[in-house]
Every structure is written in C-alpha cells, then in structure tokens.
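Here is what each chain is made of, one letter per residue.
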Amino acid sequence: MAIAAVGLGACDDRRPQPLTIDNALTADEIAAGRLTPEVMWKMSRAGSSSLSPDGKTLLYAQTDYNMAQNRGVTTIWVQDMASGAVTRLTDTASNNADPKWSADGRKIYFLSDRSGSMQVWRMNASGGDATQITGSGDGEGVPDVEGFGVSPDGKHIWWVQTVRTADRRSSDIYKDMDKSKARIYDDLMARHWDYWDEGSYRHIFIGELGKGLVTGGTDIMPDAQWDAPLAPYFDMAEIAWNNAGTMLAYTCKPLTGTAYAVSTDSDIFVYDLESGATQNICKPTNFNTGKPVNDQAVMVGYDKYPVWSPDDSKIAFLSQRRAGNESDKARLFLYDCRTGEMQDLTEDFDYNAMNVVWEGNDRIWFIAPIEATHQICRISPSVGEVEVVTRGDHDINAFSMAGDRIVAEMCTISMATEFFGIDPADGTLTQLSAINKPVYDNIRMGEVQKRWVKTTDGKQMLTWVILPPDFDPDKKYPILLYCQGGPQSVVSQFWSYRWNFQLMAAQGYVVVAPNRRGLPSFGQEWLDQIS
C-alpha cells in the first residue's frame, strides 16, 4: 500500500516541533512475538472516517504516540478507494482531528490546535491551503471549540464551546476571596465522574461563514445551566443540520439540580435560523395556547441522535421508553416534520439501534448489537421489517455511505480498528486498510473461542474464551474472569487499549469473558435482569 505525506499550512511560531513517530517493532519484540503494553502503544488508532460525496476517497483521523516524549498526536489522512494509496494531509506539529467533507467534496473542515487553541480550520481536499475559520480578532474570540458542523449550503457553522452561566466557586460569589478554591453547592450535581460542576456548560453557537474569521456567534441556548450535547459523553453526533441548512436539530435535557441528576428525560429540539425559534419535537406545544399537543408521558426517556432525511421531511432519532432507565432499549424512531406523527420502526426488533444513516428518503441503515457482536442493519419505514445485513464475529463501530459504497470501521478481539468495505447486497466484508499490519505480522494473538454456556436456570450465555498464544492443552493455566461493569455494556468483539483481552492472555492467562445477565445484545429481557 502506497503512503505519501503532504505538508500543510503556513508557518506559525507558536507551533511546537513535529512529533517524531517511529513505532517500528524492535528486534526483541519481533523475536518474542508477544503483545505487550509497549507494543500496544506503538499501534496507530484510526477513526472519524467518512466517504467523500462521490465515494472515491475515504477521509479519517489517526492518532499515534511517542512513548519517549510521553506525547501523542492526531493527524488527518485520506485513502484512495481505487488504488488503496493513503496520504497524510497534516503534519505532526499539532493535533488535527474530527475531519468533515464539505458538501461538494472539494474542501475538508477539521479541528486543529495549531493556532494555540482548538479551532475550526479548512483545507483543500488534497491537503494544503489551510485557512482558520474560527478564532479571535477585534476584541472578540471563540474559545476552544469542542465540536462543529458546517451547513450543507456552506453558509453557516455550529460549534460547541463552554459558557459559564452559574456561580459555583466561592471566588465568583465573594469577590474579596479571589484566592479561595472552595465550591458552594446547595443541590446536585456537584461532580460527575472526573470533573466538578463549576458553573460552566457546553452551549451550541451558530455563526455565519464567508465573512472572514468567525469570532463570535449566536448562543442558541443562552443562560442555560445544562449541556448540549449531553453530559458526560458530549457526543457531537447529537447535533445535526437539516439538508437545506436552515434548521439545526440537537439533543438537550433542560433540567437543573436534583431533577437533572436523576432524570433520563432528554429531548430533540429544532432551532430555526431565520426566526430564532426552538421547538421540542418530543413534547410539542400549541403555538397559540402553549399547551401540549400530545401525551407528554410518552417520551420520558432518553431521546437522542437526530438525523434528517435527505428531503428534510423526517427526523430519525433514538428513543428510550422508560423514565430513569439508562439501559432501556434504544428504539429507532421517526418523526414526520409535516404532521408531527411519531413512528417506532424497531418495535418488533429486540435490539438497540445506533449510528443511523439515511439512504434516500425511505431506507435507514443503522448498527445494532446482536449476540455480543455489532452488525449493520437496514429498514424501509414503508415496509417496517429490520434486515440484518452483516454477519460474523466482529464489531462494526461506525460506517459511512456514498452512492452504492459503504465503508465501516471494524475491530475484533484480535484486531484494532481497520476499514472494511461492505457489499450492500449481501453484507460481504472486504478489508481496505492495513494500518497495523507490522504488528499483526509479528505478534502472535491467542485463539478466541465462542462458547455458549448453559446457566443454572437453563438459559444459554455467550462467553468468549481467549487462550494464551502457543496454548498447550496439556498444561494448566491461571484463569482471569472478566465481568464487565456498567452494567449496560456488551462484552463484544471490542479491541480496547484499556481492557484488552489479548494483552491479558499474552501474560499467560486463559481469559473468560461471559455476557452475563444485564448486558445488551441478547434481548431486553436478558438486559433487564440486572439494571
């Protein structure tokens, strides 16, 4: 596979020296042939992929690490679908991530910290001619951008930045105590996972393109003491332009305090650029009376990830029925923008839906966790029956479509993410990339066995068993029992840099990883038994 590099952008004294990435395996590592933490840190991590509008080029981001310098860097790459040649478009002096095609495929928008803060930039599809889109100037400025999206007509951009709308620090409340580091709370949430609520929240801003550097925009949720996208994941896929570039759909949970902390009642909101009006499509109200137009108790769980149909007449999104149940089934819902009607497309499909992609106006593709794997499925709303397209022991974690071409990000217990083409007719998979080929060529992975174990009450439980490399059936080995926490995450064919089964097995363990009760991909009844 041919690899080329393209230098990018103008000189900037603020940029550090390029990070040297030389992750070739040593002679000792090749001789040992074992997966170690040091070998794993030499692996490249690819993602954020998307096909160009004409389907001829795959765009993606790749992160590499230099252990000696204790640094990593993310760069942007393209792969030609015809030849397989890959080209790096950005250098290693700065992080460049979250690449997105312009609607005509001639430009690439991306995030970069080359200016000293994370901002939106644009370059040619072939690399070069980098132009900063958001930033500071004339006394105004956009702080670090956490995510963005350019409207299909290229006239507007949304981005997410942090805004302080509440006083939580004592130094904010008592101005004469500027050295105080105390925080003051009289309600939840005080802390979530690894960060304190200090009164700052992610807000969505919209700005106009084509008039020079964007240094400010309209906060479409002013004064809100909550986040969009939702905490704690802040997934930018919860925000989506319509195809006309006139409306923005986003996910939000407009609650505060204890009500916010215990609720899973997020909704889909639609912001109209021309009028500045916002509508909650999950709990719509009559414009004249302000009263609800349907039963507000129907949509009380998580409603997330809006995706517009090509003609903007419908919005597909994911919806959970039961309030307060984080592991409830993620149903694929369809909202009719003309009538306000809702349709549950997966009522008879006993698995979650995720990663929704439209094909035309009457076919939807999505990913579903099925029996400890992740597969691509499709459904035509007018027909109403889900078809599972792919088969096999693998995890398809994301995919994009252009014309009749589908490219997916796929991994297994023995392989980090690589790109695979999918035949839409029969789901046949064809490997397109070989990002970590030097590792797989020299490092022996343990055998992965798929076993169905009978439980004490007569059920069948899928269990992965990973044997050490060079396993000898005549010897005894220690067993490592992996019981997934959460409890709502499937023990699937994932490749993890945190909990890696092959790394565990390489230390001489037999790894046993059961999909015990309380995990998805075996139907809602199995999942509900621990929740």
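As the structure is a computational prediction, the values presented were derived from the model and not from experiment.

Caption draft 1: Broad picture of the overall build of the protein chain. Within the protein chain, the secondary structure is distributed over seven helices and 37 strands. On C-alpha atoms alone, the protein chain measures out to a radius of gyration of 24 Å, which is about the 24 Å that the 2.2 N^0.38 rule sets for 531 residues. Across its three principal directions, the C-alpha atoms of the protein chain cover 75 × 60 × 55 Å. Each of the 531 residues in the protein chain was classed as buried or not, and the buried ones make up 50%. Across the protein chain, every contact between residues at least 6 apart in sequence was considered, and the portion connecting residues at least 24 apart equals 51%. Of the accessible surface of the protein chain, which amounts to about 25000 Å², a share of 49% is contributed by carbon and sulfur atoms. One finds the centroid of the 49 positive side-chain charges in the protein chain at a distance of 4 Å from the centroid of its 70 negative side-chain charges.

Caption draft 2: Molecular detail of the pattern of salt bridges. Enumeration over the complete set of coordinates arrives at 22 salt bridges. Here D98 makes a salt bridge to K100, at a shortest N to O gap of 3.2 Å. Since its relative accessible area comes to 21%, D98 is described here as partly exposed. Overall, the relative accessible area of 26% leaves K100 in the partly exposed class. The partner of R168 in a salt bridge is D197, and the shortest N-O contact between them spans 3.8 Å.

Caption draft 3: Just the nonpolar core, in detail. Core analysis: the largest hydrophobic core is formed by 18 residues, its most contacted members being W464, I466, Y482, V491 and F501. Contributions of two or more residues to this core are made by β35 (460-466), α6 (501-506) and β37 (510-514). When residues of this core are assigned to their parent elements, the largest contribution, four residues, is made by β35. Setting aside residues up to four positions removed in sequence, I466 forms contacts with I413, E447, V448, F501, Q502, A505, Y509, V510 and V511.

Caption draft 4: Fine view of the sheet that holds strand β7 (residues 107-112). Spatially, β6-β7-β8-β9 is the arrangement adopted by the four strands of the open sheet, whose pairing is antiparallel. Two strands bound the open sheet, and with one partner strand each, they are β6 (96-101) and β9 (131-132). Strand direction decides the pairing type here: β7 and strand β8 (residues 119-124), joined by six bridges, are antiparallel. Bridging across to β8, I108 finds its partner in M123.

Caption draft 5: View of unusual backbone geometry. Of the consecutive residues L188 and M189, the connecting peptide bond is found in the cis state with omega at -5 degrees. Relative to the assigned elements, M189 resides in the loop between α3 (170-173) and β14 (191-192). Put simply, A231 and P232 share a cis peptide bond, and its omega is 5 degrees. With respect to the helices, strands and loops of the structure, P232 is situated in the loop between β17 (218-219) and β18 (239-241). Even without being a glycine, A372 presents a positive backbone phi close to 65 degrees.

Caption draft 6: Highlighting the environment of S115. With respect to the helices and strands, S115 occurs in the loop between β7 and β8. Between the alpha carbons of S115 and T412 there is a distance of 37 Å; along the sequence they are 297 residues apart. In terms of polar contacts, S115 uses its side chain to reach the backbone carbonyl oxygen of S117, at 3.4 Å.

Caption draft 7: Focus on the pairing of strand β28 (residues 373-379). When you tally the buried positions in β28, you get seven out of seven residues, the bulk of the element. Neither face of β28 is open: one carries T373, Q375, C377 and I379, the other H374, I376 and R378, and all of them are buried. Sheet topology places strand β27 (residues 364-370) next to β28; seven bridges connect them, and they run antiparallel. Paired with I370 across the bridge in β28 is T373. Linking two consecutive strands that pair antiparallel, namely β27 and β28, is a turn of two residues; a positive phi of about 50 degrees is found at E371 within it. Both β28 and strand β29 (residues 387-388) contribute to a ladder of two bridges, which runs antiparallel. Pairing of C377 across the sheet is with V388, part of β29.

Caption draft 8: Expanded view of a nonpolar patch on the surface. A contiguous nonpolar patch, built from I173, Y174, M177 and I184 and spanning about 340 Å² of accessible area, is present on the exposed surface. Its location among the elements puts M177 in the loop between α3 and β14.

Caption draft 9: Spatial organisation of the side chain of Q161. With respect to the helices and strands, Q161 occurs in strand β13 (residues 156-164). A relative accessible area of 9% means that Q161 is categorised as buried. One polar contact links Q161 to W159, side chain to side chain, over a distance of 2.8 Å. In this view, Q161 contacts V142, P143, D144, Y201, R202, H203 and F205; residues no more than four positions away in its chain are not counted.

Caption draft 10: Region of interest: the sheet that holds strand β22 (residues 303-308). Strand order in the open sheet formed by four strands is β22-β23-β24-β25, and the pairing between neighbours is antiparallel. Lying at the two open borders of the sheet, with one neighbouring strand each, are β22 and β25 (342-344). Neighbour-to-neighbour, the strand axes of this sheet turn through a mean angle of 25 degrees, independent of strand direction. Where strand β23 (residues 314-319) and strand β24 (residues 331-336) come together, six bridges link them in antiparallel fashion. Counterpart to I315 in the pairing with β24 is Y335.

Each value, and the rule that gives it
- Residues numbered from 1 in each chain as written.
- Predicted model: local features only at pLDDT ≥ 70, side-chain atom pairs only at ≥ 80, totals over all residues.
- Heavy atoms only, no water.
- Helix = DSSP H or I, 4+ residues; strand = E, 2+ residues; numbered from the N terminus.
- Rg over C-alpha atoms; globule rule 2.2 N^0.38 Å.
- Buried < 20%, exposed > 50% of the residue type's maximum accessible area, 1.4 Å probe, protein only.
- Contact = heavy atoms within 4.5 Å.
- Areas by Shrake-Rupley, 256 points an atom, 1.4 Å probe, with all protein chains shown as cover.
- Lys, Arg positive; Asp, Glu negative; His and termini not counted.
- Charge placed at Lys NZ, Arg CZ, Asp CG, Glu CD.
- Salt bridge = Lys/Arg side-chain N within 4 Å of Asp/Glu carboxyl O.
- Core = buried A, V, L, I, M, F, W, Y, C linked by side-chain atoms within 4.5 Å.
- Pairing = 2+ DSSP bridges.
- Polar contact = N/O pair within 3.5 Å; in protein donor to acceptor, adjacent residues only side chain to side chain.
- Patch = residues over 30% accessible without salt bridge, like charges linked within 9 Å, V, L, I, M, F, W, Y side chains within 5 Å.
- Axes fitted to C-alpha atoms, helices over the stretch in contact; angles between N-to-C directions.

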